[in-house]
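# Results of the structural survey
What follows is each chain in one-letter form.
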Amino acid sequence: LICPFRGASDMRLKLLACLMLVLLAGCAQQPPKDDSLYHALGQRPGIQRIVEGMLIIAVKDERIGEHFKKIDIIRLRDKLVEQLCVEAGGPCKYTGDSMAEAHKGQNLTRSDFNALVEDLIDSMDAEGISVPNQNRLIARLAPMRGEEIEK
């Protein structure tokens, strides 16, 4: 290992400086975040259209519409846009509650969850999102299922 800090008189300081340089170089070589799904969904404006479409469908959906009657639909839209943006690899930050906390006491069933996923698919279809990209998004959202249902 060749260390550029040859002028340092204390060997421990020289080793520490070299170690920091190696660590920083390793960080700089990490692969970039995959944002291809984010772009395939139309970035933030596309994701917002998908979420809005899904919510319009869900509110009218006889299977789950009741769950949306007494909530702040604008806040829900905004948090869902943030969450889908993050899950798609976009440059967003999710600022909402955890899924477990957000769905606490709602006693959502697997059927409720599946109905919402179907509404999401219908919205993505309406936006012209390809089936492979729909599947990529759903695969990224699927692990949340356990945090939402029967809580």
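Further up the page is the structure itself.
We now turn to the structure provided with this report. (Residues numbered from 1 in each chain as written. Predicted model: local features only at pLDDT ≥ 70, side-chain atom pairs only at ≥ 80, totals over all residues. Heavy atoms only, no water.)

## Examining unusual backbone geometry
Notably, glutamine 43 is not glycine yet its phi reads approximately 60°, a positive angle. As for its placement among the helices and strands, glutamine 43 is situated in helix H3 (residues 43-60). What makes glutamine 43 partly exposed here is its relative accessible area of 33%. (Helix = DSSP H or I, 4+ residues; strand = E, 2+ residues; numbered from the N terminus. Buried < 20%, exposed > 50% of the residue type's maximum accessible area, 1.4 Å probe, protein only.)

## Notes on the state of the cysteines
This structure, assessed with the given rule, holds one disulfide. Between the sulfur of cysteine 85 and that of cysteine 92 lies a disulfide, 1.8 Å long from S to S. On the S-S bond that ties cysteine 85 to cysteine 92, the torsion sits near 65°, and the link is right-handed. By relative accessible area, cysteine 92 is classed as buried at 17%. (Disulfide = S-S within 2.5 Å.)

## Details of the pattern of salt bridges
Taken as a whole and judged by the stated rule, the model has eight salt bridges. Between arginine 136 and aspartate 34 there is a salt bridge, with the nearest N and O atoms lying 3.9 Å from each other. Remark: aspartate 34 occurs in the loop between helix H1 (11-28) and helix H2 (36-40) and arginine 136 occurs in helix H7 (residues 131-141); sequence separation between them is 102 residues. Among the residues examined, arginine 136 registers a relative accessible area of 28% and is labelled partly exposed. The shortest N-O distance in the salt bridge between aspartate 119 and arginine 63 comes to 3.7 Å. One end of the pair, aspartate 119, is in helix H6 (residues 110-126); the other, arginine 63, is in the loop between H3 and helix H4 (73-87), with 56 residues separating them in the sequence. On the basis of relative accessible area, arginine 63 is assigned to the partly exposed category, the value being 46%. Overlapping salt bridges bring together Asp61, Arg63, Glu118 and Asp119 as one network. (Salt bridge = Lys/Arg side-chain N within 4 Å of Asp/Glu carboxyl O.)

## Some details on the nonpolar core
Counting 25 residues, the largest nonpolar core has Leu41, Ile47, Val51, Leu84, Leu120, Met124 and Leu137 as its most contacted members. For this core, the element with the highest residue contribution is H3, accounting for six residues. Excluding its chain neighbours within four sequence positions, the residues that come into contact with leucine 41 are Gly46, Ile47, Ile50, Ala88, Met124, Ile129 and Leu137. (Core = buried A, V, L, I, M, F, W, Y, C linked by side-chain atoms within 4.5 Å. Contact = heavy atoms within 4.5 Å.)

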